[in-house]
Amino acid sequence: MANYFVNKNEQSTGENEVHREGCEWLKKAKDVEYLGDYPSCHSAVAEAKRRGYNADGCYYCCNDCHTR
Ligand SMILES: [Zn+2]
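Residues numbered from 1 in each chain as written. Predicted model: local features only at pLDDT ≥ 70, side-chain atom pairs only at ≥ 80, totals over all residues.

Undergrad: Is there a simple way to explain the overall build of the protein in this structure?
TA: Per the secondary structure count, the protein includes 2 helices and 4 strands. Taken from the N to the C terminus, the helices and strands of the protein come in the order β-β-α-β-α-β. The C-alpha atoms of the protein give 10 Å as radius of gyration, which agrees with the globular expectation for 68 residues (11 Å, within 12%). Each principal axis of the C-alpha distribution contributes one length, and for the protein these read about 30 × 25 × 20 Å. For the protein, the proportion of its 68 residues judged to be buried stands at 34%. Of the contacts formed within the protein by residues at least 6 apart in sequence, a portion of 53% connects residues at least 24 apart. (Helix = DSSP H or I, 4+ residues; strand = E, 2+ residues; numbered from the N terminus. Rg over C-alpha atoms; globule rule 2.2 N^0.38 Å. Buried ≥ 20, exposed ≤ 12 C-beta atoms within 10 Å, placed from the backbone. Contact = placed C-beta atoms within 7 Å.)

Quick look at the structure:
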């Protein structure tokens, strides 16, 4: 299990990246929302989408969930 967060600021391409705790890019994100403790990035991205974010996994920490 790991803690996941979504970047509240969209990328220039329009999506909100989901990060796992400890990701360097999460540390650089200025405004994030805590999603919860999940067994995989898939559940975390699903939760972010449920909350209305155009969510996609971070290329570095959630590569399994990175689609764009
Ligand atoms: Zn990341």
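Undergrad: Is there a simple way to think about the sheet that holds strand E2 (residues 16-20) in this case?
TA: Sheet strands pair by backbone hydrogen bonding; their relative direction is either parallel or antiparallel. In space, the 4 strands of this open sheet follow the order E3-E1-E2-E4, with mixed pairing throughout. Here the strands that pair on one side only, and so sit at the sheet edges, are strand E3 (32-38) and strand E4 (55-57). Between one strand axis and the next, the sheet turns by 30° as a mean value, whatever way the strands run. Sheet topology places strand E1 (residues 2-7) next to E2; 3 bridges connect them, and they run antiparallel. Residue pairing across strands places Tyr4 opposite Arg20, the latter belonging to E2. (Pairing = 2+ DSSP bridges. Axes fitted to C-alpha atoms, helices over the stretch in contact; angles between N-to-C directions.)

Undergrad: Teacher, can you tell me more about helix H2 (residues 41-50) here?
TA: In an α-helix, one full turn covers 3.6 residues, which means residues spaced three or four apart are oriented alike. Of all the positions in H2, only Cys41, Ala44, Val45 and Ala48 are classed as buried. Taken end-on, H2 shows its buried residues confined to a sector of 95°, consistent with a single buried face. Tucked inside the fold, the buried residues of H2 contact E1, E2, E3 and E4. Gly52 sits one or two positions beyond H2 and adopts a positive phi of about 100°. (Arc of directions from axis to C-beta.)

Undergrad: Where do I start with the nonpolar core in this structure?
TA: As a rule of thumb, nonpolar side chains are buried together in soluble globular proteins. Counting 16 residues, the largest nonpolar core has Val6, Val18, Cys41, Ala44, Val45 and Ala48 as its most contacted members. Going through the elements one at a time, E1 and H2 are the ones with two or more residues in this core. Not counting residues within four places of it along the chain, the set of residues in contact with Val45 comprises Val18, Ala55, Asp56, Gly57 and Cys65. (Core = buried A, V, L, I, M, F, W, Y, C linked by C-beta atoms within 7 Å.)

Undergrad: What is the right way to read the environment of Tyr34 from this model?
TA: With respect to the helices and strands, Tyr34 occurs in strand E3. We classify Tyr34 as exposed; it has 10 C-beta atoms within 10 Å.

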